Amino acid sequence: MGQALGCYHVYKGDVAIKERFGRFIEVLEPGYHWTPWFIGYQIPGVLSMSVQQHDFKCETKTKDNVFVNVIASVQYRVVADKASDAFYKLTDIREHIQSYVFYVIRASVSKLELDVVFEQKNDIAKTVQDELEKAMSTYGYEIVQTFIIDIEPDAIVKRAMNEIDASARMRLTANKKAESEKILQIKKAEGEAESMYISGLGIARQRQTIMDELSDSVLAFSENVHETSAKDVVDMVLLTQYFDTMKKIGASSKSSSVFIPHGPGAVRDIVVQIRDGLLQQNAAN
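All values reported here derive from a predicted model rather than from experimental measurement. (Residues numbered from 1 in each chain as written. Predicted model: local features only at pLDDT ≥ 70, side-chain atom pairs only at ≥ 80, totals over all residues. Heavy atoms only, no water.)

**Some thoughts on the sheet that holds strand β8 (residues 141-153)**
Whether parallel or antiparallel, the strands of a sheet pair through hydrogen bonds between backbone atoms.
Okay, so step 1: The strand order β6-β7-β8 describes an open sheet built from three strands, whose pairing is antiparallel. The open sheet has two edge strands with one neighbour each: β6 (52-61) and β8. On average, each strand axis in the sheet is inclined to that of its neighbour by 20°, with strand direction left out of account.
Okay, so step 2: Alignment of β6 against strand β7 (residues 67-78), held across ten bridges, turns out to be antiparallel. Its bridge partner lying in β7, K57 is registered against I71.
Okay, so step 3: The sheet contacts of helix α2 (residues 93-109) involve β6, β7 and β8, and relative to β6 the element is tilted by about 40°.
Okay, so step 4: Contacts from helix α4 (residues 121-136) reach β7 and β8, with the element oriented near 145° to β8. (Pairing = 2+ DSSP bridges. Helix = DSSP H or I, 4+ residues; strand = E, 2+ residues; numbered from the N terminus. Axes fitted to C-alpha atoms, helices over the stretch in contact; angles between N-to-C directions. Contact = heavy atoms within 4.5 Å.)

Printed below as a string of structure tokens:
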């Protein structure tokens, strides 16, 4: 009804193009405007001043001959004082931006290997934005931001990359597990060595104590019993200890059968063997 009476309403966030008899007159800001159609005024179109976004999927090939789909997102908007250029100079803004995006992406990605493409996707996005800004400024558009959203290699390549990554992680896990087992074995060996060392000290001290006690016993017996030599006392003490040992072995529930020679001569041989063993041990210490 308003347009029929020569009045046109431009909504907030938009601008309208005003013409008279097909010639551009001005850009109309939001609000009501007098545009009497009966004297040649008309509104051929309206432009949104909001930020627009388009996503583009570009298939290209890397330097190492891997086909990838690079998905780029471009945000742009109309420059207020160049709205007439945006309206008259371009008929399909999306197609125009796409041509530049594809050109820059293919030129950039073809110089890089696949792994480097992933690492430098921000640099690629910056290159696309710089080229778009130079190209679109003459058409009345401002490039707000450009992103590389995703890089999708061919399915076979993606599967191979996943397998390589999985293998690397398995090797790392195996190395860490082997290192842990190595540390456990070292600690176990160190513990066993320390235990054997302490046990050896205990045995050595035990033997030293036995030798000291034997020495005291020999001296005390020689003083109290006349006409006995130190050798006789030692033989008697050793024989007593030998029989005490046999008694303990027999009393143990876990002991096996032990066969020993018996008789005066055999007992004498046992005493000689025990004495010689202790003397050799003492000499070695």
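That covers the picture; the talk isn't over yet.
**Focus: the sheet that holds strand β2 (residues 14-20)**
Okay, so step 1: Here we have three strands laid out as an open sheet, ordered β3-β2-β5, and antiparallel in their pairing. Edge positions in the open sheet fall to β3 (23-28) and β5 (41-48), since each of these has one partner strand only. In this sheet, adjacent strand axes meet at a mean angle of 25° when their direction is disregarded.
Okay, so step 2: Direction of pairing for β2 relative to β5: antiparallel, over a ladder of six bridges. Directly across from V15, in β5, lies its bridge partner L47.

**Some thoughts on the packing of aromatic side chains**
Okay, so step 1: According to the stated counting rule, one finds four aromatic pairs in the structure shown.
Okay, so step 2: Centroid distance Y76 to Y141: 5.9 Å. Interplanar angle 70°. Geometry classified as edge-to-face. Separated by 65 residues along the polypeptide, Y76 in strand β7 and Y141 in strand β8 bring together distant segments of the chain.
Okay, so step 3: The class for Y141 is buried, based on a relative accessible area of 9%.
Okay, so step 4: Three or more aromatic residues joined by ring pairs form one cluster here, namely F24, F87 and Y88.
Okay, so step 5: Its end group placed over the ring of Y41, K18 keeps NZ or CZ at 4.5 Å from the ring centre. (Phe/Tyr/Trp six-rings, centres within 6.5 Å; stacked < 30°, edge-to-face > 60°. Buried < 20%, exposed > 50% of the residue type's maximum accessible area, 1.4 Å probe, protein only. Lys NZ or Arg CZ within 6 Å of the ring centre and 35° of its normal.)

**Focus on the side chain of Q129**
Okay, so step 1: Residue position: Q129 is located in helix α4.
Okay, so step 2: Discounting residues that sit within four places of it in the chain, Q129 has contacts with I143, V144, Q145 and T146.

**A few points about a nonpolar patch on the surface**
Okay, so step 1: Nonpolar side chains collect at one region of the surface, where W34, W37, F38 and I39 lie side by side and expose about 490 Å² of accessible area between them.
Okay, so step 2: Topologically, W37 is positioned in the loop between β4 (31-34) and β5.
Okay, so step 3: Residue classification places W37 among the exposed positions, given a relative accessible area of 53%. (Patch = residues over 30% accessible without salt bridge, like charges linked within 9 Å, V, L, I, M, F, W, Y side chains within 5 Å. Areas by Shrake-Rupley, 256 points an atom, 1.4 Å probe, with all protein chains shown as cover. Salt bridge = Lys/Arg side-chain N within 4 Å of Asp/Glu carboxyl O.)

**Side note on the environment of V79**
Okay, so step 1: Note that V79 resides in the loop between β7 and α1 (83-88).
Okay, so step 2: On the accessibility criterion, V79 (24% relative accessible area) is partly exposed.
Okay, so step 3: Sequence separation between V79 and Y141 is 62 residues; the distance between their C-alpha atoms is 5.5 Å.
Okay, so step 4: Once residues within four sequence positions are removed from consideration, V79 is found in contact with M49, G140, Y141 and E142.

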